[in-house]
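Coordinate analysis (summary)
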Amino acid sequence: GAVVSQHPSWVICKSGTSVKIECRSLDFQATTMFWYRQFPKQSLMLMATSNEGSKATYEQGVEKDKFLINHASLTLSTLTVTSAHPEDSSFYICSASNTGRPNNQPQHFGDGTRLSIL
Amino acid sequence: GENVEQHPSTLSVQEGDSAVIKCTYSDSASNYFPWYKQELGKRPQLIIDIRSNVGEKKDQRIAVTLNKTAKHFSLHITETQPEDSAVYFCAASQQGGYQKVTFGIGTKLQVIP
């Protein structure tokens, strides 16, 4: 149980393209999902908290107009990197916890999306 | 906000030896401490976690200890094997799925056969 599916796993595209990444909780409901960015050999940096039915909460320094988050259902959150540029190249990973479980922990991660902007 | 410090950043041990990774946290409200293992290019996977009402937890070769007073928690891996080689992250949060998880910088563990 507690499987989080993330798609696509790898994206290579030209500069200026917008890229959408999906994060789905397959066997549980997730009122809240989290989006992280990870640079090579570094830790996971929280970008934003995705809240079902309301606006996402962005961490300091993360541009909300650059990284659009939509959490339209209890099992799906999307992250859209708008007008992506080479500096946006990174490993993006989502996580979710089962809001139906006591204490709602632990977080379960998707497989991640490796984004390469040419 | 929460700040989690982790050390060492790299650790090499001989196969069969023990490995210890230490973390400290700053927010006394944090009460849930998971440890994740991440292999290259893959998702972080939860290997063990501990809640603040427990001082120690063990699962086969892996154990975690927590000192709430000192705000320290540690991961202990005994009888290390080459497949234990990975990056390990400690983390801290408050219980509840709405609470964000703060990660340490990670420890790259290399087990030498």
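What counts and how
Think of each chain on its own: its residues are numbered from 1, step by step along the sequence as written. Chain labels run from A onward and ligand labels from 1 onward, assigned in the order the entries are written. Under the rules for a predicted model, residues below a pLDDT of 70 receive no local features and side-chain atom pairs below 80 are neither given nor counted, while totals for whole chains, interfaces and linings still include all residues. No hydrogens and no water enter the side-chain calculation; it runs on all heavy atoms of the structure. Paired strands, as defined in this entry, are two strands with at least two bridges between them according to DSSP. What counts as a helix is a DSSP run of H or I of at least four residues, what counts as a strand is a run of E of at least two, and both are numbered from the N terminus. Axis definition: a line fitted to C-alpha atoms, limited for helices to the stretch in contact. Angles are taken between N-to-C directions and run from 0 to 180 degrees. In this scheme, a residue with accessible area under 20% of its type's maximum is buried, one over 50% is exposed, and one in between is partly exposed, where area comes from a 1.4 Å probe on protein chains only.

Let us look at the sheet that holds strand β8 (residues 72-77) of chain B. All names here are of chain B. Spatially, five strands are ordered β1-β3-β8-β7-β6 in an open sheet, and the strand pairing comes out antiparallel. Edge positions in the sheet fall to β1 (4-7) and β6 (56-59), since each has one partner strand and no second. For this sheet the average axis-to-axis angle between neighbouring strands, irrespective of direction, equals 15°. Taken together, the four bridges between β6 and strand β7 (residues 62-67) define a ladder with antiparallel strand orientation. Directly across from Lys57, in β7, lies its bridge partner Val64.

This brings us to unusual backbone geometry. For residues besides glycine, phi is generally negative; the peptide bonds are generally trans as well. In this structure, the amide linkage connecting His7 of chain A to the following residue, Pro8 of chain A, adopts the cis form with an omega of 0°. If you trace the backbone, Pro8 of chain A turns up in the loop between β1 (4-7) and β2 (10-13). Each neighbour pair has its own omega, and for His7 of chain B with Pro8 of chain B the value is 5°, a cis peptide bond. Its place among the elements puts Pro8 of chain B in the loop between β1 and β2 (10-14). Of note in the backbone geometry, Ser83 of chain A takes a positive phi value of approximately 45° without being a glycine. Here Ser83 of chain A shows up in the loop between β8 (76-81) and β9 (90-96). Here the phi dihedral of Lys71 of chain B falls at roughly 60°; this positive angle occurs in a residue that is not glycine. Given the relative accessible area of 24%, Lys71 of chain B is considered partly exposed.

Moving on, we come to the pairing of strand β4 (residues 32-38) of chain B. Residue and element names in this part refer to chain B. Summarising burial for β4: seven of the seven residues are buried, a large majority. Here β4 shows a buried face lined by Tyr32, Pro34, Tyr36 and Gln38 and a second buried face lined by Phe33, Trp35 and Lys37. Here six bridges tie β4 to strand β5 (residues 45-51), and the two strands are oriented antiparallel to one another. Within β5, the position partnered with Pro34 by the bridge is Asp49. Bridging between β4 and strand β9 (residues 86-92) involves four bridges; their strand directions are antiparallel.

Residue and element names in this part refer to chain A. Taken together, the four strands give an open sheet; going across it, the order is β1-β3-β8-β7, and neighbouring strands pair in antiparallel fashion. Each having just a single partner strand, β1 and β7 (67-73) make up the two edges of the open sheet. Averaged over all adjacent pairs, the angle separating strand axes in this sheet is 15°, with direction ignored. Here β1 pairs with strand β3 (residues 19-25) via four bridges, running antiparallel. Bridge pairing links Gln6 to Cys23 in β3.

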